[in-house]
Amino acid sequence: MNRKLRVLVAKLGLDAHDRGAKVVARAYRDAGFEVIYTGIYQRPEAVAEAAIQEDVDVVAISSLAGAHLTLIPQLIHLLKDQGADDMLVLAGGVIPEEDISALLAEGVAGVFGPGSDLDEIIRFTREHAAAK
Amino acid sequence: MSHQERKERFAGVSDREVKRAYTPDDVAGLEYARDLGDPGEYPYTRGVHPTMYRGKLWTMRQFAGFGTAEETNARFKYLLAQGQTGLSTAFDMPTLLGYDSDHAYANGEVGKLGVAIDSLRDFEILFDGIPLDQVSTSMTINPPASIMLCMYLAVADQQGVGWDKVSGTIQNDILKDYIAQKTYIYPPEPSLRLITDIISFTAKHVPKWNTISISGYHIREAGATAAQELAFTLADGMQYVQAAIAAGMDVDEFAPRLSFFFDVHNDFFEEIAKFRAARRIWARVMREKFGAKNPRSWMLRTHAQTAGVSLTAQQRENNIIRVAMQALAAVLGGTQSLHTNSYDEALALPTEDAVRIALRTQQVIAEETGVASVVDPLAGSYYVEHLTNRLEEEALAYFDRIEAQGGVVKAIEKNFFQREIADSAYRFQRRMMNGDYRVVGVNAYADGAEAKKEAQILRIDPAVQRRQIERTQQVRATRDQAKAASALAELRRASQTSENLMPYILACVKAYCTEGEICNVWRDLWGEYREESVY
């Protein structure tokens, strides 16, 4: 691999729970990724724009407030509309089991629920970003 | 003979090393009258009341709110029918952040994490059939706290209940929002002004209302250790006392109505010691630093909630046991009220069945275990007294570091708390990953099949958002427009003076101005706070 993988860790909408997003951002950083963290209260439009401007390989979205089925598909459509459909999109947080298939159908590559292993998130990201 | 132990180092959630056993040497210098005192006596280490739960059990107060006001009103009535003794309202994210349900930013979030409130109409439904002179109500909301309190007072007026009869709490703690909870709207200066306006108004007109709930809960849940939770929360408390004194109030006029809210986590003895240390520190600070004369100003009264962050999505029934032990620690720590989490909350909002078990957990502790028959039974334990001293020392050391940075607001601007908390959160996650901290069902005794078991969870019907938007738009269309416009104009005018804003907010609420309209007056005048994120 010639360059470091670039990952955008994002919080969408009005969901202020940022503990998980920060822990994951730091785990990516410690694992040698280049990390951009959007901070909380981001609109899908702003996250798509940041992802494209920063030319990231991975967009990792943290959701704990129940709006995942509304906001994550919006973001994916925005990325596709702007020709950025090669980015690996991941989701994590409090996402009920029965919503996972809907997110995967929308184009999310992996969903990581509470108690996920950080090393497993890193391994999954490396493997799937390389395949893109 | 060898004394082989299971591991090299023993440490709990906060990663403080624990010795094999504690002896009188570990509490050398402890003086009963000076450092503990009898229950109900300064410095209240043993509890704020001489009889504690022999006189009156703690208030069993389950946090509830979802969907529209109708759904939450039904959950409130269910909880009261099950023997709950106080109400506690959870609002949805748009309400917490001052957006009406039809704002573009609210899409997908209406009624999800709590009840959607836009106007007085919603509050009339929320408390329909609940006499406000017979329950106390807590409301977890911060920047719009003044608006929710005014809605509550307006409902009391409609019910013919005098303001001297209503009791409850608004969270109203903006400092911990900048530090951890992040439901801020405005910058610190105008936010503190709203808080001092509420404190001074309620001291005169709503004497049984707790004006602020100085909260460690969110600080802890964001990743802080027990000592950080204790230190940052009490530092916030001192900042509010300073702000109210600076606004011209006498300390004994408002301090008796300050209340606290702590997390209660897994490390049983550390949590008990934390409550005891909190009372001792606060009593000394109020008496010695702020010169309070009224003993009620010295007493730290607190709500407690079991640690949401300790719940696991895996083997979720295990959460019932975690919650029971955390709740027992809160009771042994001498809390005044308690929320017990439901076992399914790592997955979604709790179902009615899960909430009932959580409430029954408190009732079992109260009725069956015998712990409510005796006050502060762990006093004199070498370990608990040592831990109480240690937590106090660690908190005092943090006070010095905060002071050296110019106080709480300056330390927030420098990201001091945010960095400390993020570091602790990451350290804890790493300890879990390397097995140093073991969580049953997650990194110990895990069982893949169990994790995938279908869970019965509470889901919010997408129709909730549509129904709520319809109601709010109808309220806006049918109210007395001239009255609403003039109330908002008056609020805008007064907000640019130093007048107390509460009467103006109440006039807006009674004219059916929406929460979003009121918050926008201030957004326009004061701007919005933005943080630099550190991780």
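Before reading on, note that the structure itself is shown above.
About the criteria used
Residues numbered from 1 in each chain as written. Chains lettered and ligands numbered in written order. Predicted model: local features only at pLDDT ≥ 70, side-chain atom pairs only at ≥ 80, totals over all residues. Axes fitted to C-alpha atoms, helices over the stretch in contact; angles between N-to-C directions. Helix = DSSP H or I, 4+ residues; strand = E, 2+ residues; numbered from the N terminus. Parallel < 35°, antiparallel > 145°, perpendicular 65-115°, else oblique. Left-handed = near helix turned anticlockwise from the far one by under 90°. Contact = placed C-beta atoms within 7 Å. Core = buried A, V, L, I, M, F, W, Y, C linked by C-beta atoms within 7 Å. Buried ≥ 20, exposed ≤ 12 C-beta atoms within 10 Å, placed from the backbone. Domains from an automatic or database assignment. Nonpolar A, V, L, I, M, F, W, Y, C, P; charged D, E, K, R; others polar. Pairing = 2+ DSSP bridges.

Comments concerning the packing of helix H9 (residues 226-246) of chain B against helix H15 (residues 382-404) of chain B
For any two helices packed against each other, the geometry comes down to the angle between their axes and how far apart the axes lie.
Residues and elements named next belong to chain B.
Thinking step 1. Where H9 meets H15, the axes come as close as 9 Å, and the angle between the chain directions of the two elements is 50°. Here H15 runs oblique to H9, going by the angle between their axes. Crossing of H9 against H15: the hand is right-handed. Taken together, the residues of H15 that come into contact with H9 (itself represented by Ala226, Ala227, Leu230, Ala231, Leu234 and Ala235) are Leu391, Glu394, Ala395, Tyr398, Phe399 and Ile402.

Observations concerning the nonpolar core
Thinking step 1. Counting 200 residues, the largest nonpolar core has A:Val7, A:Val9, A:Val58, A:Val59, B:Ala278 and B:Ile505 as the members making the most contacts within it.
Thinking step 2. With 12 residues, H9(B) is the largest single contributor of residues to this core.
Thinking step 3. Counting contributing residues, this core receives three or more from each of domain 1 (24-51 + 174-203 + 213-446) and domain 2 (65-170 + 463-535) of chain B.
Thinking step 4. Not counting chain neighbours up to four residues away, the residues in contact with A:Val7 comprise A:Tyr28, A:Phe33, A:Val35, A:Val56, A:Asp57, A:Val58 and A:Ala60.

Digging into the interface of chain A and chain B
Thinking step 1. In this complex, chain A contributes 27 residues to the contact, which on the side of chain B involves 32 residues.
Thinking step 2. Of all the secondary structure elements, the ones that give two or more residues to the side of chain A that touches chain B are helix H1 (19-30), helix H3 (68-81) and helix H5 (118-131) of chain A.
Thinking step 3. For the side of chain A that touches chain B, the residue count by class is 13 nonpolar, 6 polar and 8 charged.

Considerations on the sheet that holds strand S5 (residues 110-112) of chain A
Residues and elements named next belong to chain A.
Thinking step 1. Read from one edge of the open sheet, 5 strands run S2-S1-S3-S4-S5, paired in parallel fashion. Here the strands that pair on one side only, and so sit at the sheet edges, are strand S2 (34-37) and S5. Strand-to-strand twist in this sheet, taken as the mean axis angle between neighbours without regard to direction, amounts to 20°.
Thinking step 2. In this structure, strand S3 (residues 58-63) lies alongside strand S4 (residues 88-93), joined through 6 bridges in parallel fashion. Within S4, the position partnered with Ser63 by the bridge is Gly93.
Thinking step 3. Along the sheet, H3 contacts S3 and S4; its crossing angle with S3, the most-contacted strand, is approximately 165°.

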